[in-house]
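Chain by chain, the residues:
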Amino acid sequence: MNKAKRLEILTRLRDANPHPTTELNFSSPFELLVAVTLSAQATDVSVNKATDKLFPVANTPEAIYALGVDGLKEYIKTIGLFNSKAQNVHKLCQILIEQHNSEVPESREALEALPGVGRKTANVVLNTAFGWPTIAVDTHIYRVSNRTKFAMGKNVDKVEEKLLKVVPKEFKVDVHHWLILHGRYTCIARKPRCGSCIIEDLCEYKDKTE
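Chemist: Describe the packing of helix H3 (residues 44-54) against helix H4 (residues 61-76), listing the residues and the values that go with them.
Modeler: Interhelical geometry of H3 versus H4 gives an angle of 135° and a closest axis separation of 11 Å. Here H3 is positioned oblique relative to H4, judged by the angle of their axes. Read as a crossing pair, H3 and H4 show a hand that is right-handed. Contacts between H3 and H4 involve Ala50, Lys53 and Leu54 from the former and Ile64, Leu67, Leu72, Tyr75 and Ile76 from the latter.

Chemist: Can you tell me about the nonpolar core, naming the residues and giving the values?
Modeler: General note: in soluble globular proteins, nonpolar side chains tend to be found buried as a group. Counting residues in hydrophobic clusters, the biggest one holds 32 residues, and the most contacted among them are Phe30, Leu33, Ile64, Leu92, Leu111 and Leu114. The dominant element in this core, judged by the number of residues it contributes, is helix H2 (residues 29-38), at 7 residues. Ignoring any residue separated from it by four or fewer positions in sequence, one finds Leu33 in contact with Leu92, Leu96, Val104, Leu111, Leu114, Val117, Thr121 and Val125. Of all hydrophobic cores here, the second largest spans 21 residues; its members include Val144, Val175, Trp178 and Cys197.

Chemist: Lay out unusual backbone geometry in plain terms, naming residues and giving numbers.
Modeler: A positive phi angle is found at Gln41, which is not glycine, with a value near 55°. With respect to the helices and strands, the residue Gln41 is situated in the loop between H2 and H3. In this model, Ser102 sits at a positive phi of 65°, which is unusual for a non-glycine residue. You can see Ser102 is positioned in the loop between helix H5 (82-99) and helix H6 (108-112). For Ser102, a relative accessible area of 19% translates into the label buried.

Cut-off values and rules
- Residues numbered from 1 in each chain as written.
- Predicted model: local features only at pLDDT ≥ 70, side-chain atom pairs only at ≥ 80, totals over all residues.
- Heavy atoms only, no water.
- Axes fitted to C-alpha atoms, helices over the stretch in contact; angles between N-to-C directions.
- Helix = DSSP H or I, 4+ residues; strand = E, 2+ residues; numbered from the N terminus.
- Parallel < 35°, antiparallel > 145°, perpendicular 65-115°, else oblique.
- Left-handed = near helix turned anticlockwise from the far one by under 90°.
- Contact = heavy atoms within 4.5 Å.
- Core = buried A, V, L, I, M, F, W, Y, C linked by side-chain atoms within 4.5 Å.
- Buried < 20%, exposed > 50% of the residue type's maximum accessible area, 1.4 Å probe, protein only.

Take a look at the structure:
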């Protein structure tokens, strides 16, 4: 995979979707932080179903904290790992209230210090809420990057490192959305839909499907 091919891949993805964003429903950095924290090992669809009921009732750190852990569980019990997620989100709200004036900090270090927030979640929040050129590598991006040979790596950290190196500045803010959506709908895990893929001729995957 060379520089020219990567540039053409990114250009096509951008032309097809000039203003990509997350499929999680949110209307503030705090709602995004909660939604992304809940989305670990869960689908965006399942998270949206829960937060569509939760956020009209409680969408500030104070309001969610006031629900208590058990009250929060009632809203998110349809999401996988909801017990530990409820505890993390409740504690996260307490920390935001006590240490950050109830605001989501625009700082990787401060975000990663919050319960349930790892590097990937921090990357999504910094990128989607604050416009940082971060690249959050999930299973979709890991698969697409390795399968196409766009940015190969043995683990998510190595793929992130490679993507940050090879993706030109003008594409960095949006690239993780393009790759997630491509992996979710076209370059799917079991049988990629190569026949309907807009970058098939540029992709270096050997076992292409019809």
